[in-house]
There are 2 protein chains.
Amino acid sequence: MRETREILQSAKAASPVLASASTEGKNQALEAMANWLVWEQEAILQANREDVDQARAALGEVMIDRLLLTPERIRDMAAGIRDAAALPDPVGQVLRRVVRPNGLVVEKTAVPLGVIGIIYESRPNVTSDAAALALKAGSAVVLRGGKEAFRSNAAIVRALRLGLTDAGFPADLIGFIEDTSRDSARDMMEAAGFIDLLIPRGGAGLIRSCVEHAKVPCIQTGTGICHLYVDASANLDMALNIVENAKTSRPSVCNAAEVLLVHQEIADRFLPELRRRLVEDRAAKRLPAVELRLDPSAAAIIPGTAASDRDFDTEFLDYILAVRVVDSVEEAVRHIALHSTGHSEAIVTEDPAAAETFTRQVDSAAVYVNASTRFTDGGEFGLGCEMGISTQKLHARGPMGLEELTSYKYIVRGTGQIR
Amino acid sequence: MRETREILQSAKAASPVLASASTEGKNQALEAMANWLVWEQEAILQANREDVDQARAALGEVMIDRLLLTPERIRDMAAGIRDAAALPDPVGQVLRRVVRPNGLVVEKTAVPLGVIGIIYESRPNVTSDAAALALKAGSAVVLRGGKEAFRSNAAIVRALRLGLTDAGFPADLIGFIEDTSRDSARDMMEAAGFIDLLIPRGGAGLIRSCVEHAKVPCIQTGTGICHLYVDASANLDMALNIVENAKTSRPSVCNAAEVLLVHQEIADRFLPELRRRLVEDRAAKRLPAVELRLDPSAAAIIPGTAASDRDFDTEFLDYILAVRVVDSVEEAVRHIALHSTGHSEAIVTEDPAAAETFTRQVDSAAVYVNASTRFTDGGEFGLGCEMGISTQKLHARGPMGLEELTSYKYIVRGTGQIR
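Thresholds applied
- Each chain has its residues counted from 1, running along the sequence as written.
- Whichever chain is written first is A, and whichever ligand is written first is 1; the rest continue in order.
- It should be noted that, the model being predicted, local features are given only for residues of pLDDT at least 70 and side-chain atom pairs only at 80 or more, the latter also being counted only at that level, while totals for whole chains, interfaces and linings use all residues.
- The side-chain figures draw on all heavy atoms in the structure; neither hydrogens nor water molecules are used.
- Every residue pair with non-hydrogen atoms within 4.5 Å of one another is taken to be in contact.
- The term buried area denotes the loss of accessible surface (1.4 Å probe radius) that occurs when two parts are joined, taken as the sum for both partners.
- Here, a salt bridge means any Lys or Arg side-chain nitrogen found within 4 Å of an Asp or Glu carboxyl oxygen.
- Two N or O atoms count as a polar contact when they lie within 3.5 Å, although within protein this holds only if one can serve as hydrogen donor and the other as acceptor, and sequence-adjacent residues are included solely when both atoms are side-chain atoms.
- A run of H or I in DSSP counts as a helix once it spans at least four residues, and a run of E counts as a strand once it spans at least two, with each numbered from the N terminus.
- Classification convention: Asp, Glu, Lys, Arg as charged; Ala, Val, Leu, Ile, Met, Phe, Trp, Tyr, Cys, Pro as nonpolar; all other residues, Gly among them, as polar.
- Copies are brought into register by a least-squares superposition over C-alpha atoms of residues with pLDDT of at least 70 in both.
- Buried, partly exposed and exposed residues are distinguished by accessible area as a fraction of the type maximum, computed with a 1.4 Å probe on protein chains only: under 20%, between the cut-offs, and over 50%, respectively.
- We call a pair of cysteine sulfur atoms a disulfide when they lie within 2.5 Å.
- Here, strands pair whenever DSSP counts at least two bridges between them.
- Centre distance within 6.5 Å is the pairing criterion for rings of Phe, Tyr and Trp, where only the six-membered ring of Trp is used; planes under 30 degrees apart are then read as stacked, over 60 as edge-to-face, and the remainder as tilted.
- For a lysine, the NZ atom is tested; for an arginine, the CZ atom; a charge sits over a ring if that atom is within 6 Å of the ring centre and within 35 degrees of the ring normal.
- Only the contacting stretch of a helix is used when fitting its axis, a line to C-alpha atoms as for every element, and angles between N-to-C directions run 0 to 180 degrees.
- Should an angle fall under 35 degrees it is taken as roughly parallel, and over 145 as roughly antiparallel, whereas 65 to 115 is taken as roughly perpendicular and any remaining angle as oblique.
- Put simply, a crossing is left-handed when the front helix is turned counterclockwise from the back one by less than a right angle, and right-handed when it is turned clockwise.

K.L.:
Which residues make up the interface of chain B and chain A, and what are the values?
P.N.:
Residue-level contacts link 70 residues of chain B with 70 residues of chain A. Interface area for chain B against chain A, summed over the two sides, is near 5700 Å², with a carbon-plus-sulfur share of 50%. Summed over the three residues of chain B that lose the most area to chain A, namely Leu394, Tyr410 and Arg419 of chain B, the buried surface amounts to 14% of that side. Remark: the boundary between chain B and chain A carries twelve salt bridges. As a salt-bridge pair, Lys215 of chain B and Glu212 of chain A come within 3.6 Å of each other at their nearest N and O atoms. Our count for the chain B to chain A interface comes out at 43 residue pairs in polar contact (both at pLDDT 80 or more). Of all elements in the fold, only β1 (94–99), β2 (105–112), α9 (204–213), α10 (236–248), α14 (352–361), β13 (366–371) and β16 (406–417) of chain B reach the threshold of two or more residues within the side of chain B that touches chain A. Of the residues forming the side of chain B that touches chain A, the biggest block, eleven residues, is contributed by β16 of chain B. A per-class count over the side of chain B that touches chain A returns 33 nonpolar, 20 polar and 17 charged.

Next up, the structure:
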């Protein structure tokens, strides 16, 4: 097993080649990576079968499905790499240009970060997605996946590295950490000078560990306690559609809603309709019903489980919705300030003043008026791709596309100017 | 003495008021702060006299000068606050706007960070400059200055807070840490949830301590081992002007040059001229001569001190220049990659290919062709102001103006869209 530090050093040493590569060169490398992924399909599927066999005892059906690869999923991964090749190259873009009175030409120019580290969990498609985006952004990448997907990830990385070599690039531009214990995650967090950006993609525990231990720059991603607030003036049909979509269209993702706040003026009318829609209608359609966890005011109107305090601070990632009645948009904003993870929140309202208060005062990466929180996604925002959803305020917030995976420098051209 | 944690909590609690303040409101607060700074001039000068008296025993003349306040310097500080008021408000700017095929309107909108913490050293004018820029950018600020300037800083903060109250804003938008021990700096570094951005402005020790201990987002600033490279094709007169300017115009600042690399082809001609210009001519003009610390190749051409290895990794901040002969632009780039702090580097050359290699491959915040490194400054780059020079790659690199002191969020407006 190669040491984590050695893998990081190799990636750092290889990174300048990519930083000064042409767009065409990078795209050829991506094309070769996509080809080799398909050519190595049998080896990847075999490795994945071993992972799945071993995981069956420990993981539930949903997790097994996240882990499972099929020929179709591998084709999708290859298509994802080609999509990255088709995106505009962020590197070298002049973000701002000024000519100063003394004649200096100052250009703020996008440049690669250097080495991007990624710590992620079970889905093996992240391996190729993340590598493709990092490379297109001009940075080497070091991947540290979860242990359930170890064989699959190793086989995918082998194919991607064959593509790099085929295109004349050093294979070490994609580093793969073989140690899947917590030690290697800690080693990455502490690798100052070798990792220019570390992206932890995972649960709250991983994020907390990064805040606690990281000596390298990190971007926290992916924890979403997302709120919906149904205002007194809301169109209630629209509100029902948005709540059902945000809660049930894909409950396991970070932009799914976990908490519903309802204005007291409409709670008597709205909550019974909500229950019918999320519980009774869905059960009748043989869809998973939503468990409603109700604060005392909501529980006085409809039946449901009594909410504990913890229910308003939990990312359920399941068919569970915590419900609270509030007396104003301001109280909704205060609740969100105390309980949100800063990911995505939505108001449903026909009142422009309430919308204005909500969008101004809610301090989250994405704030919606009359739309589902499920849209917080690089593709849906028009970024073309996504490396994750940042819930922090520095550098990148919300979906991270290629631009957010670069830095910049000032290139200043003169004719002998002194100060 | 108020506890550091309590001061941070008060700033955090006050910050939403400023985040939703109008541009006009913020500018009125800044105007009131400038007025109170002048009205409180006598108290500030008295406090400063006490600081200076106490510091005289311990500090040299240069440091005493940095600490000293005069009526003129206080007027300059007030003018600096009014300059911040005159700058365009970064908050609320729509940085990107897309209308998606489904009709969603996605606006990437600049928003305040929340609370900005600043750890700084002896110059008391930083107190008002930093407070004014943070407030204009919509964030509360918590200031932790050095102990030599404690009384001066406290008096300045008192005046600024009177200005805030006068304009109807909470005084706690400017927090002042009264504990000047290392404990309070550590407390700030660890105050996750209370500080949204911490800017350490100081020496290498403070920066290292931040990398080691910070659990809040930090931007490293201000350490500059800046390099000049004189290429084989350089205009030697231009090179002499640039070297003298970059080294001697203000040796104590971070954008001053510390290391000179000279191409071997011109070393025989250039180094004797360099010595005449930096040593003999300056001595004749009664200007401080520059001590040249020479690698063996340079020492074979001109007299000077023999350089130790450490001289190529030292921020002298003094009339000292380390000199090394290199055999190509590529060797210069490699030397810089190993020894630079990533602040500012310059090439002097008439060869476009050498300039291209240098600007592409040198990975520093500012890379110059035929100009002095001394221009790395918010004002000189046209940003209108500056909170410091970032030497890191995430969020902000190079001079940080108002834009770099903000974050953004996505505001998404729909008509009931679901996914």
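K.L.:
Tell me about the relation of the copies chain B and chain A, and name the residues and values.
P.N.:
Relative to chain A, chain B is turned by 180 degrees and slid 0.0 Å along the rotation axis, the superposed coordinates differing by an RMSD of 0.0 Å. On this basis, the relationship between the two copies can be described by a two-fold rotation axis. Looking at the rotation axis and the C-alpha trace of chain B, the residue lying nearest is His395 of chain B, at 1.8 Å. Interface overlap between copies: 100% of the residues of chain B at the interface are likewise at the interface in chain A, consistent with a symmetric, same-surface contact.

K.L.:
Can you explain the environment of Ile418 of chain A? Please cite residues and give values.
P.N.:
Tracing the chain through its elements places Ile418 of chain A in the segment after β16 (406–417). The partly exposed category is assigned to Ile418 of chain A, whose relative accessible area is 43%. Between the C-alpha atom of Ile418 of chain A and that of Glu148 of chain A, which follows or precedes it by 270 residues, the distance is 59 Å. Ignoring anything within four residues of it in the chain, the contact list for Ile418 of chain A reads Asn241, Ile242, Asn245, Ser372 and Phe375 of chain B.

K.L.:
Account for the state of the cysteines, naming residues and giving values.
P.N.:
Inspection of the entire model under this criterion finds zero disulfides over all chains. Cys226 of chain A takes part in no disulfide bond, and the closest cysteine sulfur, belonging to Cys254 of chain A, lies 6.9 Å away.

K.L.:
So, the pairing of β16 of chain B: which residues are in play, and what are the values?
P.N.:
Taken across its twelve residues, β16 of chain B has ten buried, putting it largely inside the fold. By the bridge criterion, five bridges tie strand β13 (residues 366–371) of chain A to β16 of chain B in an arrangement that is parallel. By the bridge assignment for β16 of chain B, Val367 of chain A is matched with Ile411 of chain B. As paired strands, β2 of chain B and β16 of chain B are joined by eight bridges and run antiparallel to one another. Looking across to β16 of chain B, one finds that Lys108 of chain B is bridged to Tyr410 of chain B.

K.L.:
Provide a residue-level description of the packing of aromatic side chains, including the pertinent values.
P.N.:
Counted under the stated rule, the structure contains ten aromatic pairs over all chains. Aromatic ring contacts, followed pair by pair, group Phe381 of chain A together with Tyr408 and Tyr410 of chain B into a single cluster. We note Lys108 of chain A situated over the ring of Tyr408 of chain A; from NZ or CZ to the ring centre the distance is 4.3 Å.

K.L.:
Explain the sheet that holds β13 of chain B residue by residue, including any values.
P.N.:
Strand order in the open sheet formed by ten strands is β1(A)-β2(A)-β16(A)-β13(B)-β12(B)-β7(B)-β8(B)-β11(B)-β9(B)-β10(B), with mixed pairing between adjacent strands. The open sheet terminates on both sides in strands that have one partner only, identified here as β1 (94–99) of chain A together with β10 (305–306) of chain B. Lying over the sheet, α10 of chain B contacts β16 of chain A together with β7 (226–230), β8 (257–263), β11 (320–326), β12 (344–348) and β13 of chain B, oriented at roughly 170 degrees with respect to β7 of chain B. Set on the sheet, helix α11 (residues 264–284) of chain B makes contact with β7, β8, β9 (291–294) and β11 of chain B; between it and β8 of chain B the angle comes to about 145 degrees.

K.L.:
Before we move on, can you summarise the packing of α10 of chain B against α11 of chain B with the specific residues and values?
P.N.:
Residue and element names in this part refer to chain B. In contact at an axis separation of 10 Å, α10 and α11 are set at 45 degrees when each is read in the N-to-C sense. On the basis of the axis angle, α10 is oblique to α11. Between α10 and α11 the crossing geometry is right-handed. Across from Leu236, Asp237, Ala239, Leu240, Asn241, Val243, Glu244 and Thr248 in α10, the residues of α11 making contact are Ile266, Arg269, Phe270, Glu273, Leu274, Arg277, Leu278 and Arg282. Grouping the amino acids of the contact of α10 with α11 by side-chain chemistry returns eight nonpolar, two polar and six charged.

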